[in-house]
Amino acid sequence: MVRAFKPADLTEALRLRKETACVPLAGGTDLMVKYRNWTGLPPAFPGDVLFLSHLKELQTLERRGETLRIGAGVPLADIAAWPETPAVLREAVRGIAAPAIRNVATLAGNVCNASPAGDGICALYALDARLELTSVDGTREVSILAFITGPGRTVLRRDELVTAVLVPRRAANIQVFRKVGTRKANALAKLSFAAVGEVKEGIVDAMALSFGAVGPTVVRSTETEKRMAGKTLAEVTALAPSIVEDYAALIVPIDDQRSTAAYRKTVALNLLKSFLEGLKEKVKGI
Amino acid sequence: MNKSDTLNETGISAPVRRVDAMEKLTGKARYISDYPFEGLLHARLLRSDRPRAKILGIEVPDLPAGYSYVDARDIPAGGRNGIRMITDDWPVFARDEVRFVGETLGLVVGPDREKVLEILSGIRVTYEELEPAFTIEEGLACKGGPIVGDDNLYGTYHLTKGDPEAAFRRAARVVEGTYRTGFQEHLYLEPQGMVGTWEDGKITLYASAQCPFYIRKSVAHTLGIPEPAVRVRQVTTGGAFGGKEHFPDVIATVLSVAVNKIRRPIRLVFERAEDIRFTCKRHPSRVTIRTALDEAGAIIGMDIDTVINAGGYTSSSLIVLQRAILHGIGVYNIPNVHIRGRAVATNTFPSDAFRGFGAPQGLFAIELHMSHLARELGMDPGSFKQKYFIKTGDTTITNTAMKDEIRLNEMFRKVDAMSGYRRKVKAYDDDPLKGIGIAFVNHGCGFTGNGEQEIIKAVAEMERLSDGRAALYVSTVEMGQGLQTVLRKIAARELDCGVDNIVYDNPDTDRVPDSGPTVASRSTMVVGYLVQQCARELKRRWGEGPGTRVRKQYRHPEGLTWDQDTLQGDAYPSYGWGVNVVEVAFDPVTYEVKTTGIWTVYDVGVPMDTRIVTGQAAGGGIQALGYAAMEVCEVVDGRFRQHTLTDYTIPTAMDFPSVACEFVENPYAYGPFGAKGAGELVFDAAAPAYADAVGHLIGRKIHEIPVTPEKIMEVLQDE
Amino acid sequence: MNEFNFTLNGKAVTYRGDPLKRLLDVLREDFGLTGAKEGCGEGECGACAALLDGAMVNTCLVPVGVVAGREVTTIEGIAGTKEGQDIIEALADAGAVQCGFCTPGMVVAAASLLRGNPRPTETEIREAISGNLCRCTGYDMIVSGIRAAAKRGRRSW
């Protein structure tokens, strides 16, 4: 029978993580489904389980200088309610599952699950988020882009825990998140789109765009984003067709039980086009 | 509606608090999984994982003490390896071949669940695979060779009215369309489940089910014992919608063979994924309608070809098919019609009853086709359909006079006043982001033809109890639709007492007469009428003292005729009637449709409780909109691709707005206080109304549901 | 970890057994509280909802070890409170109950909502029950029942 550990503090958790091949469990909302067993039987976890959600060290939401630090054990509901949470992330988090899930599920868990359809992940890509990874030997930071290597695959080492999601605080007067789900609530994404940008006096200072559920990992192209930087809004509008073309080459979705490849691709590009064309109107409102 | 006497605050229609509300709200109501049983054993089915194959062998490992593997060899002498539904072609345990993924091979039973799973995973089945057929087209083409007979058809029916051939010969123009509907999963919130025990020397089943006497009949047939040697006790049932009409027979027969062998309580409750993967769904359909128009654009004839995908065994597919074609021309008087109906065998899980029972498929096709005709002729669908409304005395598709008093014109006026249909249908012609659709339906109440008289022969009883209350004995089950409240209301009103003075327990086949299955929109109208008659007589004989018991048996209303061989005559004693208007808005970037309004008007005779019937209208309407818009259920390699609640998406509280519902009162002489059926009628119209609205929205014809954003994109790109 | 205490419907209780067992199974099998139902076992339907430290959770997704030292309130517990009674009476009067299998979860969702938001709008109510699936009612009467509960319980929320 597998064991379950409930460490007294983070130090003990890190020790257990190193010494046993245990499965870290924070909210558990993905793991409990993944290892689901017959009614009445405990889930069939492949190894010992390490409970994390009770650890005080992982429960904090804080602003550290120009970085927002979202503790790995903070439930999504609290992240959505935190005033510092960037609008694009708030919108994404609010659209994840339903209230009962958001009361326990964590953003770090969403990231570790590494599903290309993860709503939180799509927003985090556009925000240039990083993961704080801690082991008994110390802490390192990895960008989300480098952290997720494929569907369900990350660079998390067997002795490490994600201890926080780090979101750079930066000016962004453009923040858009759009999920196209299998229904209007309590849904998984057929695809998602996030945009984070700053427009100053009619000039695009920076623009980050990401697309979820249209490839094995979230799609982001810093090269194409750079093509928009320093341009006027009129120039970006004029560039729109060629920007759409850039992403058309990067977006390679699949058919599955939730949607079709053709729909995902068409709608992802429609959302992009509509975003670029509506940019002027958006900025006017600021 | 509030002006009429029966709908007012003191009449039978006035809402009362449901009798089952408090026990359900407080969590005290007990469903099948909530009952403790001493020495309970757990069971899990061994199922085929091939859609079509010969079984070469099943190797079961040595079992530890206390564990059993149950299969066809355990059926006692004199019993039969067949589940008695309408026929018994569906075996309890697969014989030498399997016809669909999920067919029962055996049952593993034991005290420890972990061990049961371990035994199950140790069983090795070897197959010789055969080429399967999954779709209607593959079934009709006998892909892989016929599964049944030499044409793969469980049955074919023809209905002819007038002279359709002559009509097509003189037609100025013929308009044709093919309409398709998909599988739909019932998704009752409580999965299928039953506990079988050996009590007082007999097989006893505690069941989440609609039809206790169906289960009793099936079990007796399988075990080769008399029906009274089997006892079935219905327990609080968490939704059914037709999914617990015949499917519980599949569970009950297996379980009974096991209980007969082991003689201990055994629980067989499905998990959600099992329930979605391995239970019956609504029949997919393909209906082709050709309409002959004269020079003036008037309909002079129709030819309708209806095919339903019945899956691996018959179940009740032929009766479903009958209902589909008997509702094939909807609420219209079409002069010359030929309908052919076929139920085709395929290697999918057998399709079976689901709220509406074939009528939704038939009505979807005719309603959408009428809308398409209207557009072709430059009219709005509502006005066009109105021109063809059937009237009292008109000839029906089964060549008899329509006997109902029909209030469709009034219902159309009412729904127009509620929704603004006539104004919006014109205004939205030029609005690329809005659409509105309308559908008119009727639904035959009770069993088709003389089934109530010849097959069911319903009986109800009442008794004066010693404490001054009255007991009601019927086999009608509460499955959420409100029958426990409605039947009590009917009895209480006749006896002039409160509903609390009527005792009506969940049916137990040892204690109640067979008043028939809880299906076919028959319970309020047919059983309720018997209850009313019982209550009247009991009131007359109340003075005879405690223990006075009265009994009433169904009698078909006078003047109705039916020939089951030719399907001619009065197809139903009466019909419920309805109209739905659905309004939608469009997101052209994502092709997503948002429903912005749902308005419904129904003629259910006299509603026995306006709140209960309104609750049916809202629930049925939203279930139908799920069918129309969201509930994708594809078969890939013989497996349902959307088999979790994550991927088989039923509507949440956020998906649709509230459903407006009004009634026209139209008392029926042979229903209690004038009531007719309501439970299925409320499902029939929303899907075609939605598809009509989406068609209006995008300015294209929609032919198929579910109409997902993916399909809308395809239709728009298919220029 | 194989023996710990928690508060269940206001009473201190001790659990002995596998800490990975689902809270749902523990409630139903170990404590005989069968008000929480298993509709899906994957956190999609909300029929198993209960309150954990006052916030709604799907008990099918909570390993029982997580609730050590915490407070679990099930439908049975909610039904015994004034707030719970207000919700239950309002839902009964609104016609919000049909088959009843989703119903305890709906009451839990309503209690969870009204604790944080005593005067919710229709949209807020619909959002609050968006993880509680109902196949019978089409939700209308549940929504109006929760709205009525908010009015009825104005003093208690």
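Residues numbered from 1 in each chain as written. Chains lettered and ligands numbered in written order. Predicted model: local features only at pLDDT ≥ 70, side-chain atom pairs only at ≥ 80, totals over all residues. Heavy atoms only, no water.

Engineer: Residue-level account of the domain arrangement of chain C, with values.
Structural biologist: Residue and element names in this part refer to chain C. By the assigned domains, chain C splits into domain 1 (3–74) and domain 2 (79–152). Opposite the 14 residues of domain 1 that make contact, domain 2 presents eleven residues. Carbon and sulfur atoms supply 63% of the area that domain 1 and domain 2 bury against each other, a total of about 1000 Å² over both sides. Of all residues in domain 1, Lys37, Leu51 and Met56 give up the largest surface area on contact with domain 2, accounting jointly for 40% of the area buried on that side. The interface formed by domain 1 and domain 2 contains zero salt bridges. (Domains from an automatic or database assignment. Contact = heavy atoms within 4.5 Å. Buried area = accessible area lost by both parts, 1.4 Å probe. Salt bridge = Lys/Arg side-chain N within 4 Å of Asp/Glu carboxyl O.)

Engineer: Quick rundown of the packing of helix H9 (residues 359–376) of chain B against helix H18 (residues 686–698) of chain B? Include the residues and the values.
Structural biologist: Residue and element names in this part refer to chain B. Viewed as axis vectors pointing N to C, H9 and H18 meet at an angle of 30 degrees, and their least axial separation amounts to 9 Å. Regarding the angle of H9 to H18, the classification is roughly parallel. When the axes of H9 and H18 are compared, the crossing they make is right-handed. On H18, the residues that touch Leu363, Phe364, Glu367, Leu368, Ser371 and Arg375 of H9 are Ala687, Pro688, Ala691, Asp692 and His696. (Axes fitted to C-alpha atoms, helices over the stretch in contact; angles between N-to-C directions. Helix = DSSP H or I, 4+ residues; strand = E, 2+ residues; numbered from the N terminus. Parallel < 35°, antiparallel > 145°, perpendicular 65-115°, else oblique. Left-handed = near helix turned anticlockwise from the far one by under 90°.)

Engineer: Describe in detail the interface of chain B and chain C, supporting the description with residues and values.
Structural biologist: With 53 residues of chain B in contact, the opposing surface of chain C contributes 44 residues. For the pairing of chain B and chain C, the buried interface totals around 3700 Å² over both sides, and the portion due to carbon and sulfur atoms is 58%. Together, Leu25(B), Leu189(B) and Ala653(B) form the three largest contributors to the area buried by chain B at its contact with chain C, with a combined 20%. Joining chain B to chain C, the criterion identifies six salt bridges. Where Arg28(C) meets Asp34(B), a salt bridge forms, and the shortest distance between an N and an O atom there is 2.7 Å. Only helix H1 (21–25) and helix H16 (610–629) of chain B provide two or more residues apiece to the side of chain B that touches chain C. A breakdown of the residues in the side of chain B that touches chain C according to their chemical character gives 23 nonpolar, 18 polar and twelve charged. (Nonpolar A, V, L, I, M, F, W, Y, C, P; charged D, E, K, R; others polar.)

Engineer: Could you give an account of the pairing of strand E5 (residues 104–110) of chain B, naming the residues involved and the relevant values?
Structural biologist: Residue and element names in this part refer to chain B. For E5, a buried count of seven out of seven residues is recorded, marking the element as mostly surrounded by other parts of the structure. The pairing of strand E1 (residues 41–47) with E5 spans six bridges and is classified as antiparallel. Bridge pairing in E5 links Arg47 to Thr104. Pairing between strand E3 (residues 68–70) and E5: three bridges, direction antiparallel. Residue pairing across strands places Tyr69 opposite Val108, the latter belonging to E5. (Buried < 20%, exposed > 50% of the residue type's maximum accessible area, 1.4 Å probe, protein only. Pairing = 2+ DSSP bridges.)

Engineer: Describe H18(B), listing the residues and the values that go with them.
Structural biologist: Residue and element names in this part refer to chain B. Its 13 residues give H18 an end-to-end C-alpha distance of 18 Å, which sits within 8% of 18 Å, the value for a rise of 1.5 Å per residue. By the criterion of burial, H18 is predominantly enclosed, with 13 of the 13 residues buried. Among the residues trailing H18, Gly699 stands out with phi positive, at a value near 65 degrees. (Expected span 1.5 Å × (residues − 1).)

Engineer: Quick one: what's the story with the nonpolar core, residue by residue and with numbers?
Structural biologist: Within the largest apolar cluster, 141 residues are counted, with the highest numbers of intra-cluster contacts made by Phe275(A), Met302(B) and Tyr690(B). The biggest single contributor to this core is helix H11 (residues 261–284) of chain A, with ten residues. Apart from the residues lying within four places of it in its own chain, the contact partners of Tyr690(B) are Val582(B), Val584(B), Val593(B), Thr595(B), Leu625(B), Ala628(B), Ala629(B) and Val707(B). Counting residues in hydrophobic clusters, the runner-up holds 99 residues, among them Met194(B), Ile251(B), Phe270(B) and Ala150(C). (Core = buried A, V, L, I, M, F, W, Y, C linked by side-chain atoms within 4.5 Å.)

Engineer: I'd like a description of the packing of aromatic side chains, backed by residues and values.
Structural biologist: Across all of its chains, the model carries 28 aromatic pairs over all chains by this definition. Considering the side-chain rings of Tyr35(A) and Phe45(A), the 5.4 Å spacing of their centres and the 50 degrees angle between planes classify their relative orientation as tilted. Of this pair, Tyr35(A) sits in the loop between helix H2 (31–34) and strand E3 (49–51) while Phe45(A) sits in the loop between H2 and E3; the two residues are ten residues apart in sequence, bridging distant segments of the chain. One exposure class covers both Tyr35(A) and Phe45(A), and it is buried. Ring geometry for Phe100(B) against Tyr313(B): centres 6.0 Å apart, planes inclined by 80 degrees, an arrangement best described as edge-to-face. One end of the pair, Phe100(B), is in the loop between strand E4 (97–98) and E5; the other, Tyr313(B), is in the loop between strand E14 (299–311) and helix H8 (317–326), and 213 residues separate them in sequence. (Phe/Tyr/Trp six-rings, centres within 6.5 Å; stacked < 30°, edge-to-face > 60°.)

Engineer: Account for the domain arrangement of chain A, with residues named and values stated.
Structural biologist: When the parts come together, some accessible area is lost, and that loss is often what is quoted as the size of the interface. Residue and element names in this part refer to chain A. The domains assigned to chain A are domain 1 (57–168) and domain 2 (174–284). On the domain 2 side, the residues contacting the 23 residues of domain 1 number 22 residues. Overall, the association of domain 1 and domain 2 removes approximately 1700 Å² of surface from exposure, summing both partners, and the carbon and sulfur fraction of that is 64%. Contact with domain 2 buries area across many residues of domain 1, yet Pro116, Cys122 and Ala126 alone supply 31% of it, more than any other trio. Joining domain 1 to domain 2, the criterion identifies two salt bridges. Salt-bridge contacts for Lys179 lead to Asp119; the nearest nitrogen and oxygen are separated by 2.8 Å.

Engineer: Give me the lowdown on the interface of chain A and chain C, citing residues and values where you can.
Structural biologist: On the chain C side, the residues contacting the 31 residues of chain A number 30 residues. Taken together, both faces of the contact between chain A and chain C bury some 2300 Å²; the carbon and sulfur share is 63%. Per-residue buried area on chain A facing chain C is highest for Lys6(A), Met32(A) and Phe51(A); these three make up 21% of the total on that side. Inspection of the region where chain A meets chain C yields two salt bridges. A salt bridge links Arg183(A) to Glu44(C); the shortest N-O distance between them is 3.6 Å. The interface formed by chain A and chain C holds seven residue pairs in polar contact (both at pLDDT 80 or more) in total. Element by element, the count of residues in the side of chain A that touches chain C is highest for helix H5 (residues 99–102) of chain A, at three residues. Looking at side-chain class alone, the side of chain A that touches chain C contains 19 nonpolar, eight polar and four charged residues. (Polar contact = N/O pair within 3.5 Å; in protein donor to acceptor, adjacent residues only side chain to side chain.)

Engineer: I'd like to hear about the sheet that holds strand E7 (residues 153–161) of chain B, residue by residue, with values.
Structural biologist: Residue and element names in this part refer to chain B. If you trace the five strands from one edge of the open sheet to the other, you get E7-E15-E14-E13-E8, paired in mixed fashion. Only two strands of the sheet have a single neighbouring strand rather than two, namely E7 and strand E8 (173–181). Direction aside, the axes of adjacent strands within the sheet are offset by 10 degrees on average. Two elements, E14 and strand E15 (residues 337–345), share nine bridges in a ladder whose sense is parallel. Bridging from a neighbouring strand, Ile308 pairs with Ala343 of E15. Here H9 sits on the sheet in contact with E8, strand E13 (285–293) and E14, set at roughly 140 degrees to E8.

Engineer: Describe in detail the packing of helix H14 (residues 483–495) of chain B against helix H15 (residues 523–540) of chain B, supporting the description with residues and values.
Structural biologist: Residues and elements named next belong to chain B. One can describe the packing of H14 onto H15 by two numbers: an axis separation of 8 Å at closest approach and a directional angle of 30 degrees. Classified by the angle their axes make, H14 and H15 are roughly parallel. Read as a crossing pair, H14 and H15 show a hand that is right-handed. In this structure, H14 uses Leu483, Val486, Leu487, Ile490, Ala491, Glu494 and Leu495 to contact H15, whose residues at the interface are Ser523, Thr524, Val527, Gly528, Val531, Gln532, Ala535, Arg536, Leu538 and Lys539. A breakdown of the residues in the contact of H14 with H15 according to their chemical character gives ten nonpolar, four polar and three charged.

Engineer: Tell me about the sheet that holds strand E11 (residues 174–181) of chain A, and name the residues and values.
Structural biologist: The strands making up a sheet associate through hydrogen bonds between their backbones, and the pairing can be parallel or antiparallel. Residues and elements named next belong to chain A. Strand order in the open sheet formed by four strands is E11-E12-E13-E14, and the pairing between neighbours is antiparallel. Bordering the open sheet on either side are E11 and strand E14 (219–220), each of which pairs with just one other strand. When strand E13 (residues 203–212) meets E14, the two strands line up antiparallel, connected through two bridges. Following the sheet pairing, Phe211 is matched in E14 by Val219. Strand contacts of helix H4 (residues 87–94): E11 and strand E12 (189–200), with the helix running at about 15 degrees to E11, the strand carrying the most contacts.

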